[in-house]
Amino acid sequence: MTTTTPPVHDRAAPTRPAASAPAVARRLAALGRAELILLVRNRTAIVVALLVPLVMIFAIRSSLEQIDLGGTGLTIAGATLTGGIGMVLVQVVYMNLVSAYVARREELVLKRLRTGEISDREILTGTALPSVALALAQCVLLVVAGALAFDLSAPHRPDLLVAGLLLGFLLMSALAAATAVVTRTVQTSQLTTLPLYFVSLFGSGLFVPLEVFPDRLASVFELLPMTGVMTLVRHGWLGGVESGDLVTAGVTALAWTAFGVFAVQRWFRWDPRG
């Protein structure tokens, strides 16, 4: 009499010896190139990544023209372009990566990669590299456009601007992997990404600066995932934020990033959910 062993899902990755930095870099570069090829072949993803943020920037500007920014220390151009950076982070990194992680999981790509030398962290990082690189290029273009076409000054604190962008890339990548946990198919990713998208859009200063909200409501919005990143980006480029607000922004962004990383380590699924 024979017995069958039930399949084991999402088993822990096999223990691997520590790899050297050059070996890790080579593996990440190879995985990033492969993911970039897949991204370029996906016309829908390219359109969303390149055109939708541009369209949304015009929508941000239109909404700001209906708002009295007096007393906020912001101009329409400054608020529009910093909001545009937030839009790039949410749409190009977060929303695009949720679809990518789910697609690779359902196609068994992630599971096959785990059988090789590459670590789980490298798999997730390599998958995110093309989206992050594309978002970085768009953010640089926005800063250049602000200086050349909208007469904005050079970044007030480049160190804070860079820190905000790096935190944004890490936060959106971590939350994308966490959102993939509850996303069954690429199609349903259009629904599972909406809560964070709309919360960030209207509560983290992308469309409407927090300064125009009542103080009590603004204090609640400061706790949202993208708000800390937006505060660092806005102050790094335009200035005008108090040091206490910067500390709160940094702590909030780091806390949400830590939560995202914990959620991925605890619940990320490598086997198809279908």
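About the thresholds
Residues numbered from 1 in each chain as written. Predicted model: local features only at pLDDT ≥ 70, side-chain atom pairs only at ≥ 80, totals over all residues. Heavy atoms only, no water. Salt bridge = Lys/Arg side-chain N within 4 Å of Asp/Glu carboxyl O. Helix = DSSP H or I, 4+ residues; strand = E, 2+ residues; numbered from the N terminus. Buried < 20%, exposed > 50% of the residue type's maximum accessible area, 1.4 Å probe, protein only. Core = buried A, V, L, I, M, F, W, Y, C linked by side-chain atoms within 4.5 Å. Contact = heavy atoms within 4.5 Å. pLDDT = per-residue confidence, 0-100. Expected span 1.5 Å × (residues − 1). Axes fitted to C-alpha atoms, helices over the stretch in contact; angles between N-to-C directions. Parallel < 35°, antiparallel > 145°, perpendicular 65-115°, else oblique. Left-handed = near helix turned anticlockwise from the far one by under 90°. Nonpolar A, V, L, I, M, F, W, Y, C, P; charged D, E, K, R; others polar.

Here we come to the pattern of salt bridges. Applying the stated rule across the entire model yields 9 salt bridges. Arg27 is the salt-bridge partner of Glu117, the closest N and O atoms lying 3.8 Å from each other. Of this pair, Glu117 sits in the loop between helix 5 (109-113) and helix 6 (120-148) while Arg27 sits in helix 1 (residues 21-41), and the two are 90 residues apart along the sequence. Residue Glu117 is classed as exposed on the basis of its relative accessible area, which comes to 63%. Where Asp159 meets Arg157, a salt bridge forms, and the shortest distance between an N and an O atom there is 2.9 Å. Here Asp159 falls in the partly exposed class, since its relative accessible area comes to 45%.

Our next topic: unusual backbone geometry. With a phi close to 70 degrees, Leu108 is a non-glycine residue in the positive phi region. Tracing the backbone shows Leu108 in the loop between helix 4 (76-106) and helix 5. For Leu108, a relative accessible area of 36% gives the class partly exposed.

To continue, consider the nonpolar core. By size, the foremost hydrophobic cluster in this structure holds 72 residues, and its most contacted members are Ile85, Met87, Tyr94, Tyr101, Met172, Val229 and Phe268. Elements supplying a minimum of two residues to this core: helix 3 (52-64), helix 4, helix 6, helix 7 (158-181), helix 9 (194-203), helix 10 (215-221), helix 11 (227-238) and helix 12 (243-267). Top contributing element to this core by residue count: helix 4, with 16 residues. Not counting residues within four places of it along the chain, the set of residues in contact with Met172 comprises Leu89, Val90, Val93, Tyr94, Leu196 and Met226.

Per-chain confidence: the chain averages 87 in pLDDT, with 93% of residues scoring 70 or above. Mean pLDDT across the elements of the chain ranges from a minimum in helix 2 (residues 43-50), with 76, to a maximum in helix 7, with 96. Note on residues 1-9: pLDDT is under 50 here. Beyond four places in sequence and across chains, it has 2 contacts.

Bringing helix 12 into the picture now. Over its 25 residues, helix 12 extends 36 Å from the first C-alpha to the last, a length consistent with the 36 Å expected when each residue adds 1.5 Å. Of all the residues in helix 12, the buried ones are Leu246, Ala249, Gly250, Thr252, Ala253, Thr257, Gly260, Ala263 and Val264. Looking at the buried side of helix 12, the elements it contacts are helix 6, helix 7 and helix 11.

Where helix 1 contacts helix 6, the axes come no closer than 7 Å and their chain directions differ by 45 degrees. Overall, the two elements helix 1 and helix 6 adopt an arrangement that is oblique. Like other packed secondary-structure pairs, helix 1 and helix 6 cross with a definite hand, here right-handed. Residues Val24, Arg27, Leu28, Leu31, Gly32, Glu35, Leu36 and Leu39 of helix 1 form the contact with helix 6, whose own contacting residues are Glu122, Ile123, Thr125, Gly126, Thr127, Leu129 and Pro130. Tallied by class, residues from the contact of helix 1 with helix 6 come to 8 nonpolar, 4 polar and 3 charged.

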